[in-house]
Amino acid sequence: VLPILLHQFVYKRQTPTTLPTFLLIGPSGAGKTTLLTLTERNTVAQTHTSTAPLTIQALLPEGFIPSSSHYRSPGDPAYERSRRFLLHDTPGHGKLRHFAASQLMKPTNVRGIIFVVDASSVAEEAGLNEAAEYLHDVLLALQKRYTGAKTSRGPKEIPVLIAANKLALFTALPPHLVKIALEKAISEVRKSKAKGLKDSGVGMRGDDDGLEEEREWLGEGGEGSFEFGQMEEVGTSVTVKGGNVLGGDGSDVKSWWEWVAEQL
Ligand code: GDP
């Protein structure tokens, strides 16, 4: 394994074309495609090319400074280079398994995950549960990637932004309530998944699969409620920020770009 890792490391270092990548995921209808289109339009013409279906090369909008370029000035080629990133849209829930396997377990330059939710749909039970189940699986994949890492230093962190979209809708929950609602719903998902495993006889303590069961449990081992803060221990910070890709007063996704800038 080591020679392969080393080879990948060297290869990556020598390939300037691998741009930092952000994965766009979330339930359908949340606004991912709209965000992708907006980003593409905002991006200075000709700087984007389609590298794969649903991936665009984007440019951090003017006014946001990549954290790696705080001491550089605009116009400096290194500064301009650091504004470039790829935005990779992942379609629907059904593709998650494939996606989790290929992108999360072996992410190629994934700098962060933008999980888009419709802040009004999570105000209702069905929408909330759908988002929570999806997010649970994404966070669990990140946790497995971390706990399964062979190196002592652990893999590079992949932070998660929960982009609470459609905030201008009067039915939308404000971001701090989106956070609380998701944490609560994920606690339930976690409980019911653990129960499902037990009922099926998989992962009973005492047999060889006991370890497996432990790994399936998201966040801290306790029975208490799930909080996003628990993900810090497995190298994942989770941040919730609100915005409007489309809005009455025009689009406002400033807080999301600020987050992206922090990761660049
Ligand atoms: P996706 O399935 O996540 O790619 O979602 P889409 O980008 O296709 O958006 C789903 C619907 O939500 C579309 O009708 C969009 O016009 C709408 N939409 C996206 N962003 C916003 C927003 O910020 N506010 C409102 N009110 N509608 C939005």
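Along each chain, numbering runs from 1 in the same order as the chain's sequence is written. A pLDDT threshold of at least 70 governs which residues receive local features in this predicted model, and a stricter bar of 80 or more applies before side-chain atom pairs are shown or counted, although totals over entire chains, interfaces and linings include all residues. Here the side-chain values reflect all heavy atoms present in the structure, with hydrogen atoms and water set aside.

Chemist: Looking at this model, I keep getting lost on empty space enclosed by the protein. Mind explaining?
Modeler: With a probe scaled to a water molecule rolled over the atoms, the places where space remains empty come into view. Lining residues are defined by having an atom within 4 Å of a point belonging to a cavity or pocket. Those points lie on a 1 Å grid over the protein atoms alone, cavities being sets where a 1.4 Å probe fits but cannot get out and pockets being open sets with protein on both sides within 12 Å along at least five of seven lines. Grid points are joined across faces, edges and corners, and a volume is the space filled by probe spheres set on the points. The full count for this structure, using the stated rule, is 1 cavity of 30 Å³ or more. The computed volume of the largest cavity comes to approximately 30 Å³. In this structure, the largest cavity is lined by Leu35, Ile114, Val253, Trp256 and Trp257. Considering only residue class, the lining of the largest cavity consists of 5 nonpolar, no polar and no charged. Side-chain classes follow a simple rule in which Ala, Val, Leu, Ile, Met, Phe, Trp, Tyr, Cys and Pro form the nonpolar group, Asp, Glu, Lys and Arg form the charged group, and the remainder, Gly included, forms the polar group.

Chemist: How should the side chain of asparagine 165 be read in this particular structure?
Modeler: Take asparagine 165: it is sitting in strand S5 (residues 160-165). Within the local environment of asparagine 165, its side chain forms a polar contact with the backbone nitrogen of valine 245, the two atoms lying 3.0 Å apart. In this analysis, two residues are considered to be in contact whenever any of their non-hydrogen atoms come within 4.5 Å of each other. In contact with asparagine 165, other than residues within four places in its own chain, are Ala30, Gly31, Val116, Val117, Asp118, Ala119, Gly243, Asn244, Val245 and Trp256. Helix numbering and strand numbering both begin at the N terminus, where a helix is a DSSP run of H or I of at least 4 residues and a strand a DSSP run of E of at least 2. Under the rule applied, a polar contact is a pair of N or O atoms within 3.5 Å (in protein, one hydrogen donor and one hydrogen acceptor; residues adjacent in sequence only if both atoms are side-chain atoms).

Chemist: Teacher, can you tell me more about the site of the ligand here?
Modeler: Being near a molecule or strand, for a residue, means having at least one of its heavy atoms within 4 Å of it. Taken together, 14 residues lie near the ligand, and Gly29, Lys32, Thr33, Thr34 and Leu246 sit nearest. Interatomic distance of 3.0 Å between a side-chain N/O atom of asparagine 165 and an oxygen atom of the ligand. Note that an oxygen atom of the ligand is positioned 3.0 Å from one of the side-chain N or O atoms of lysine 166. Burial of the ligand by the protein amounts to 69% of the accessible area it has alone, namely 580 Å². Ranked by the residues each element gives to the shell around the ligand, the list is headed by helix H2 (residues 32-42), at 3 residues. Residue classes in the shell around the ligand are distributed as 5 nonpolar, 7 polar and 2 charged. Here the open area of atoms and residues is found with the Shrake-Rupley method and a 1.4 Å probe, where only the protein chains shown may cover a residue.

Chemist: Help me understand helix H8 (residues 254-263) in this model?
Modeler: One full turn of an α-helix is made of 3.6 residues, so residues set three or four places apart face in the same direction. With 7 of 10 residues buried, H8 lies mostly within the body of the structure. Inspection of H8 places Ser255, Trp256, Trp257, Trp259, Val260, Ala261 and Gln263 among the buried residues, and these make up the whole buried set. Each residue is assigned to one of three classes by its accessible area relative to the maximum for its type, calculated with a 1.4 Å probe on protein chains only: buried under 20%, partly exposed between the two thresholds, exposed over 50%.

Chemist: When you look at the packing of aromatic side chains in this model, what are you seeing that I'm missing?
Modeler: Given two aromatic rings, one states the distance between the centres and the angle between the planes to describe the pair. For this analysis, a ring pair means two rings from Phe, Tyr or Trp (six-membered ring only for Trp) whose centres lie within 6.5 Å, classed as stacked if their planes differ by under 30 degrees, edge-to-face if by over 60, and tilted for the remaining angles. In this structure the tally under the stated criterion is 5 aromatic pairs. For the pair phenylalanine 85 and tryptophan 257, a centre-to-centre distance of 6.1 Å together with 55° between the ring planes defines the contact as tilted. On the criterion of sequence distance, the pair formed by phenylalanine 85 in strand S3 (residues 84-89) and tryptophan 257 in helix H8 is long-range, its members being 172 residues apart. In this structure, phenylalanine 85 and tryptophan 257 share a single accessibility class: buried. Plain terms: the ring middles of phenylalanine 226 and phenylalanine 228 are 5.7 Å apart, the flat faces sit at 90° to each other, and that makes the pair edge-to-face. Each of the two residues, phenylalanine 226 as well as phenylalanine 228, counts as buried.

Chemist: For this particular structure, what's the right way to read the confidence of the model for the protein chain?
Modeler: If pLDDT is low for a region, its predicted coordinates should not be looked at in detail. When the pLDDT values of the protein chain are averaged, the result is 79; 72% of them are 70 or greater. The predictor's confidence in any single residue is recorded as pLDDT, a number from 0 to 100. Of all the helices and strands in the protein chain, helix H1 (residues 2-14) carries the lowest mean pLDDT, 49, while S5 carries the highest, 98. Residue range residues 44-53 is modelled with pLDDT below 50. Its contacts to residues more than four positions away, or to other chains, number 8 contacts. Every residue in residues 203-214 scores below 50 in pLDDT, and together they form 8 contacts with partners more than four places removed in sequence or on other chains.

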